[in-house]
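Per-entry structural report
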Amino acid sequence: MTQKRFSLLHLLLAVVLTLGVTVGGSLLALRLTVGEGALSLLEGLMLVNTRFVGEYEPVEAVDAALEGMVKGLGDRWSYYLNAEAYEAQNLRRKNQYVGIGVTVSYEREEGLLILEVTPGSPAEEAGLLPGEVITQAEGVSLAGEGRYQGSDYIRGEAGTTAVLEVLGTGGATRTVEVRREAVATDPVSYEMLEDSVGYVKLANFYENSAQRLKEAVEDLQAQGARALVFDMRNNGGGYLTQLTEMLDFLLPEGPIFISRSRSGREEVIQSDAACVDLPMAVLVNEDTYSAAEFFAAQLQEDGAAVIVGVPTSGKGYSQQTFPLPHGGALNISTAAYFTGDGTSLIGTGLRLDAQVEQTEEGDAQLEAALALLQG
C-alpha cells in the first residue's frame, strides 16, 4: 500500500510559506529601493483609507501629499501638478491653450482691453476686435480689480461657451458668445528695426519654437539684416531639444551644452560648422529662466552675442515631467547642466555686458543693445 507524500494540509502550509517569503522578500526589496520614508507615506495613505472617520476627497489628499513632498525637496525648479494643471501644461508646451484667442491688457479700468485677436480663432469668428474692452465674463464684472481675474473666467474646457459683455470702440455694449477651443500660438514674433537690425522676440522654447526662430532669422537675413537682437525677457524656457537646435543653427562647430545626471553620466551636445555670421545681442530680465538664460550664456561664451538687461536667476538644473497614475505629474530636477566650456550658472546667473534697468518711457534695454551693436 502506497502512502501520499504530501497531505492537503502540507500543501496549504507550503503555499502560505511561499507567499510569506515572496511578500516578505518584496517588502524587503521595496524597503531597500525606496527607503523608510516611502513606506511611511504608503502606510499613511492606507491608514487614511481604512481608518479615517471623516469625509474627504481622496484625490485632493493625494495631491496635497505630493505637493508637500516636492516642497520638501527645497528645489525652486521642481513642482507638482494636479491632473487639471498637467493637462493645461501639456497644451502650453504644444504652444496651445484652451480659450478664445485674444491678447489683452489691464490698462483700462472698465475691463480687459483687447490688444490682438488671433487669426482664425473663435474670437475672430465671434467678431471681437482690437481696441474693444471685455467688461464682463460669465456674468462677473471685470471692472477695477476684477480685470486681474478676467482670464480665469474667459478660459475653460474646450467646447464650452464663454458669455462676454463687450464695450465696442464706438461706445456701444453688446453680448457676445464665444466657443472655447484649443488655440495655437506663435512663439516667435519679429521685425526689421532701423539700421537693418533684425529683432526676434521668443516667448518660449516649446514645440516648433526652434523652427520658427530659424524661419524668422532667415527672413531677416533675406531682408538684409546686418545684426540681430534676440529678446528673451519674460521667457520661462522649455525643451532642451529646441534650445540645442537653435544654438546649433546660430553657432559654429563646438560643444554647446553639457548635461550631468545624478549618477554622474555626462552628455555633451555639439554644434556643426554651419552658423549665422552676424553680430548679435540678447535682452534678458529677472524673468529670463532656464533655456532662455542658457541661450544667452552660450551665445556670449562663443563670442557671438552681448547680453543686456538685469541680473538673472542662475538656473543650472534641467527637469523632467513624470506622469502619475491618478492623472497628475511630478516635474523634478534630474540633471545639472553647463555651457560648452563647463560653466554652471548656479549662484551667478548671466554676466551682463550692459546692466540696464527698464524705464516707463521707451525700451532702454533695447536701445542699449542697439548702441553696443553699432559700436
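Residues numbered from 1 in each chain as written. Predicted model: local features only at pLDDT ≥ 70, side-chain atom pairs only at ≥ 80, totals over all residues. Heavy atoms only, no water.

**Quick look at the pairing of strand E11 (residues 197–202)**
Taken across its 6 residues, E11 has 5 buried, putting it largely inside the fold. Examined bridge by bridge, strand E10 (residues 188–193) and E11 share 6 bridges and lie antiparallel to one another. Bridge pairing links Met-192 to Gly-198 in E11. Count of turn residues in the E10/E11 antiparallel hairpin: 3 residues, of which Asp-195 carries a positive phi of about 60 degrees. Judged from the 5 bridges that link them, E11 and strand E12 (residues 227–231) form a sheet pairing that is parallel. (Buried < 20%, exposed > 50% of the residue type's maximum accessible area, 1.4 Å probe, protein only. Helix = DSSP H or I, 4+ residues; strand = E, 2+ residues; numbered from the N terminus. Pairing = 2+ DSSP bridges.)

**Some thoughts on the pattern of salt bridges**
The final tally for this structure, using the stated rule, is 11 salt bridges. Note that Asp-363 and Arg-233 form a salt bridge whose closest N and O atoms lie 2.8 Å from each other. In this pair, Asp-363 sits in the loop between strand E19 (354–355) and helix H9 (364–374) while Arg-233 sits in the loop between E12 and helix H7 (240–250), placing the two residues 130 residues apart along the sequence. Given the relative accessible area of 23%, Asp-363 is considered partly exposed. Residue Glu-266 is joined to Arg-260 by a salt bridge in which the shortest nitrogen-to-oxygen separation is 2.7 Å. Three or more residues are tied together by salt bridges with common partners; here these are Lys-201, Asp-231, Arg-233 and Asp-363. (Salt bridge = Lys/Arg side-chain N within 4 Å of Asp/Glu carboxyl O.)

**Looking at the environment of Ala-371**
One can find Ala-371 in helix H9. Residue classification places Ala-371 among the partly exposed residues on the basis of a relative accessible area of 45%. Each C-alpha atom, one on Ala-371 and one on Glu-109, is 37 Å from the other, the two residues being 262 residues apart in sequence.

**Some remarks on the side chain of Asn-331**
Mapped onto the fold, Asn-331 is located in strand E18 (residues 329–338). In terms of polar contacts, Asn-331 uses its side chain to reach the side chain of Thr-321, at 2.5 Å. Beyond its immediate stretch of four places on either side in the chain, Asn-331 contacts Trp-77, Ser-78, Tyr-79, Arg-93, Gln-319, Gln-320 and Thr-321. (Polar contact = N/O pair within 3.5 Å; in protein donor to acceptor, adjacent residues only side chain to side chain. Contact = heavy atoms within 4.5 Å.)

**Describing unusual backbone geometry**
Its identity is not glycine, yet Glu-138 carries a phi of approximately 55 degrees, on the positive side. Along the chain, the position of Glu-138 falls in the loop between strand E5 (133–137) and strand E6 (140–141). A positive phi angle, near 60 degrees, is found at Asp-195, a position not held by glycine. With respect to the helices, strands and loops of the structure, Asp-195 is situated in the loop between E10 and E11.

**Observations concerning the packing of aromatic side chains**
Each pair of aromatic rings is reported with the distance of its centres and the angle of its planes. Taken as a whole and assessed by the stated rule, the structure comprises 9 aromatic pairs. Here the aromatic rings of Tyr-206 and Tyr-239 are separated by 5.3 Å at their centres, their planes lie at 75 degrees, and the arrangement is edge-to-face. Of this pair, Tyr-206 sits in the loop between E11 and helix H6 (209–222) while Tyr-239 sits in the loop between E12 and H7, placing them 33 residues apart in sequence. By relative accessible area, Tyr-206 is classed as buried at 17%. An aromatic cluster of at least three residues, connected via ring pairs, comprises Phe-205, Phe-230 and Phe-295. Lying over the aromatic face of Trp-77, Lys-315 brings its terminal NZ or CZ to 5.3 Å of the ring centre. (Phe/Tyr/Trp six-rings, centres within 6.5 Å; stacked < 30°, edge-to-face > 60°. Lys NZ or Arg CZ within 6 Å of the ring centre and 35° of its normal.)

**Observations regarding the layout of surface pockets**
The calculated volume of the largest pocket comes to roughly 980 Å³. Taken together, 28 residues make up the lining of the largest pocket; nearest its centre are Tyr-97, Val-102, Thr-103, Arg-155 and Thr-185. If you list the elements that add at least two residues to the lining of the largest pocket, you get strand E2 (96–99), strand E3 (102–105), helix H5 (150–154) and E10. Its residues assigned to classes, the lining of the largest pocket comprises 12 nonpolar, 11 polar and 5 charged. (1 Å grid on protein atoms, 1.4 Å probe; cavity = no way out; pocket = protein on both sides within 12 Å on 5 of 7 lines; lining within 4 Å. Points joined across faces, edges and corners; volume = space filled by probe spheres on them. Nonpolar A, V, L, I, M, F, W, Y, C, P; charged D, E, K, R; others polar.)

**Description of the sheet that holds E19**
Pairing is mixed in the open sheet, where 6 strands are placed in the order E10-E11-E12-E15-E16-E19. Two strands bound the open sheet, and with one partner strand each, they are E10 and E19.

**Some words on the nonpolar core**
Within the largest apolar cluster, 40 residues are counted, with the highest numbers of intra-cluster contacts made by Phe-205, Leu-213, Leu-228, Phe-230, Leu-250, Phe-295 and Leu-299. Looking at which element gives the most residues to this core, the answer is helix H8 (residues 290–301), with 7 residues. Here Leu-250 is in contact with Phe-230, Cys-275, Val-276, Met-280, Phe-295 and Leu-299, once residues within four sequence places are set aside. Counting 16 residues, the second-largest nonpolar core is a separate cluster that includes Ile-100, Leu-128, Leu-142 and Ala-162. (Core = buried A, V, L, I, M, F, W, Y, C linked by side-chain atoms within 4.5 Å.)

**Things to note about the environment of Ala-336**
Inspection of the secondary structure assignment puts Ala-336 in strand E18. Put simply, Ala-336 and Ala-364 are 28 residues apart on the chain and 34 Å apart in space, counted from C-alpha to C-alpha. Excluding its chain neighbours within four sequence positions, the residues that come into contact with Ala-336 are Ile-258, Ser-259, Arg-260, Gly-316 and Tyr-317.

**Notes on the packing of H6 against H7**
Close contact between H6 and H7 brings their axes to 8 Å; oriented N to C, the two are set at 25 degrees. Regarding the angle of H6 to H7, the classification is roughly parallel. The two elements H6 and H7 cross, and the hand of that crossing is right-handed. Residue-level contacts link Ser-209, Ala-210, Gln-211, Leu-213, Lys-214, Val-217 and Glu-218 of H6 to Gln-242, Glu-245, Met-246 and Phe-249 of H7. A breakdown of the residues in the contact of H6 with H7 according to their chemical character gives 5 nonpolar, 3 polar and 3 charged. (Axes fitted to C-alpha atoms, helices over the stretch in contact; angles between N-to-C directions. Parallel < 35°, antiparallel > 145°, perpendicular 65-115°, else oblique. Left-handed = near helix turned anticlockwise from the far one by under 90°.)

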